[in-house]
Amino acid sequence: MYFRQSLFVSALALAAAPAMAQTAWDMPTPYGDAVFHTQNITEFADDVRQATDGELDITVHSAGSLFAHPQIKDSVRRGLAPIGEILMSQLVNEDPVFGVDSIPFLASSYDDAEALWDASRDEVEAALEAQGLTLLYAVPWPGQSLYLNDEVTDPDDLRGISFRAYNAATERLAQILGMTPTQVEAGDIPTAFSTGRVEAMMTSPSTGVSSQAWDYVSHYIDVQAWLPKNMVFVNTEAFEALPEEHRDALLDAAAEAETRGWEMSMAETETQIARLQEAGMEVSTPSDAMAAALSEVGETMTAEWLEQAGPEGQALIDDYRGE
Ligand code: PCA
């Protein structure tokens, strides 16, 4: 009798097993633990764990520790990791839409960045879907500004400077201004400067602080030219293999992370510029000549992007501009 009952109980437990099974997901991300994007992802993973009673357990592997930044997208596409984060514009060679947030002065305020995201999100989703990936959310970095060893007021003085780039757009910007670009991941910035490989960069105050820019550059010129986004995405097959409650929990947590991330990003802009200043950097606004030169770069790069993106790109920009 006892035997039969315990058999019955274990049969029940087995029947219930699929819904209760624990799913452990490894999540590669490119940036360090002190970076707000990573902190937002940690909260996202906590929210998912809580909403699923610990059944969907995401472990965040930050700073490229599981896969290096350039490998993360393909790792998720191939199912080596079910979920990951990258800088969206890293994929611009696959589809121009991924690079629309990295054109100087196309959308340099949070309101404009949001309107641009509204106008481009469907296309980004479709481009990922074609690779078996599902977009969860995207969050912008604060505005991209100049870090230099002089207060450069004449754009001609930029010529010949070795410049740290992090995507195709920063490389192109450097070329147009006569600088020499080198691609360097955020985590390698301190070494690239201290070994003399580069002497200037354009990035957010967040990355300036997390890479301790004051150790190797003296001047921050507050340009805030564009707000490039990081995106979090999941392998579609892995997503679809989840029970429905887990899929819902993931989507809910993603929507919250998107809202929270944009707020964190906005708040960072002021606090991190203040930290650069407190650490001894000279903070200034661009001279008229510098502002004009950068705005011209923006126009050139908008035209180049439209050439690449064709009529669909034009429609996206028209939609963004409300035309
Ligand atoms: N930080 C990242 C991308 C944009 C930003 O603000 C970096 O510098 O690599």
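Residues numbered from 1 in each chain as written. Predicted model: local features only at pLDDT ≥ 70, side-chain atom pairs only at ≥ 80, totals over all residues. Heavy atoms only, no water.

Q: I keep staring at the environment of leucine 242 and nothing clicks. Help me out?
A: Following the sequence through the fold, leucine 242 ends up in the loop between α8 (236-240) and α9 (244-278). Separated by 161 residues in sequence, leucine 242 and alanine 81 have C-alpha atoms that sit 15 Å apart. Each residue touching leucine 242, except ones within four places of it in the same chain, is listed here: Thr23, Trp25, Leu56, Arg247 and Leu250. (Helix = DSSP H or I, 4+ residues; strand = E, 2+ residues; numbered from the N terminus. Contact = heavy atoms within 4.5 Å.)

Q: I'm lost on the site of the ligand in this one. Help?
A: Every residue lining the ligand is accounted for by Tyr31, Trp141, Gln144, Arg164, Tyr166, Ala186, Thr203, Ser204, Thr207 and Pro228. In this structure, arginine 164 approaches the ligand through a side-chain N or O atom, which is 2.7 Å from an oxygen atom. With respect to the ligand, the side chain of threonine 207 contributes an N or O atom lying 2.7 Å from a nitrogen atom. Protein burial of the ligand: of its 260 Å² of free accessible surface, 99% is covered by the chains. Partitioning the shell around the ligand into residue classes produces 5 nonpolar, 4 polar and 1 charged. (Near = heavy atom within 4 Å. Polar contact = N/O pair within 3.5 Å; in protein donor to acceptor, adjacent residues only side chain to side chain. Areas by Shrake-Rupley, 256 points an atom, 1.4 Å probe, with all protein chains shown as cover. Nonpolar A, V, L, I, M, F, W, Y, C, P; charged D, E, K, R; others polar.)

Q: Please explain the nonpolar core as it appears in this structure.
A: By size, the foremost hydrophobic cluster in this structure holds 97 residues, and its most contacted members are Phe44, Met231 and Leu250. If one sorts the elements of this core by residue count, helix α10 (residues 288-320) sits on top with 10 residues. For methionine 231, the contacting residues outside a window of four places in its chain are Gly84, Glu85, Ile86, Met88, Leu91, Phe98, Val124, Leu128, Leu135, Tyr137 and Ala138. (Core = buried A, V, L, I, M, F, W, Y, C linked by side-chain atoms within 4.5 Å. Buried < 20%, exposed > 50% of the residue type's maximum accessible area, 1.4 Å probe, protein only.)

Q: Honestly, the pairing of strand β5 (residues 145-148) in this entry has me stumped. Any pointers?
A: Two faces, one strand: in a regular strand the side chains alternate between the faces of the sheet. Where β5 and strand β8 (residues 200-203) come together, 3 bridges link them in antiparallel fashion. Across the sheet, the residue bridging to tyrosine 147 is methionine 201, located in β8. Bridging between β5 and strand β9 (residues 219-221) involves 3 bridges; their strand directions are antiparallel. Pairing of leucine 146 across the sheet is with isoleucine 221, part of β9. (Pairing = 2+ DSSP bridges.)

Q: I'm lost on the sheet that holds strand β3 (residues 83-87) in this one. Help?
A: The strand order β3-β10-β4 describes an open sheet built from 3 strands, whose pairing is antiparallel. In this open sheet, the two edge strands, each paired with only one partner strand, are β3 and β4 (133-140). Strand-to-strand twist across the sheet, computed as the mean angle between neighbouring axes with direction ignored, equals 25°. When β3 meets strand β10 (residues 229-235), the two strands line up antiparallel, connected through 5 bridges. Looking at β10, one finds that glycine 84 is bridged to phenylalanine 233. Together, β4 and β10 form the strand contacts of helix α4 (residues 110-129), whose direction differs from that of β4 by roughly 165°. Packed onto the sheet, α9 meets β4 and β10 and runs at close to 20° relative to β4. (Axes fitted to C-alpha atoms, helices over the stretch in contact; angles between N-to-C directions.)

Q: Please clarify how the environment of serine 75 should be interpreted in this entry.
A: With respect to the helices and strands, serine 75 occurs in helix α3 (residues 69-77). Residue serine 75 is classed as buried on the basis of its relative accessible area, which comes to 3%. For the pair serine 75 and glycine 99, spaced 24 residues apart in the sequence, the C-alpha separation amounts to 21 Å.

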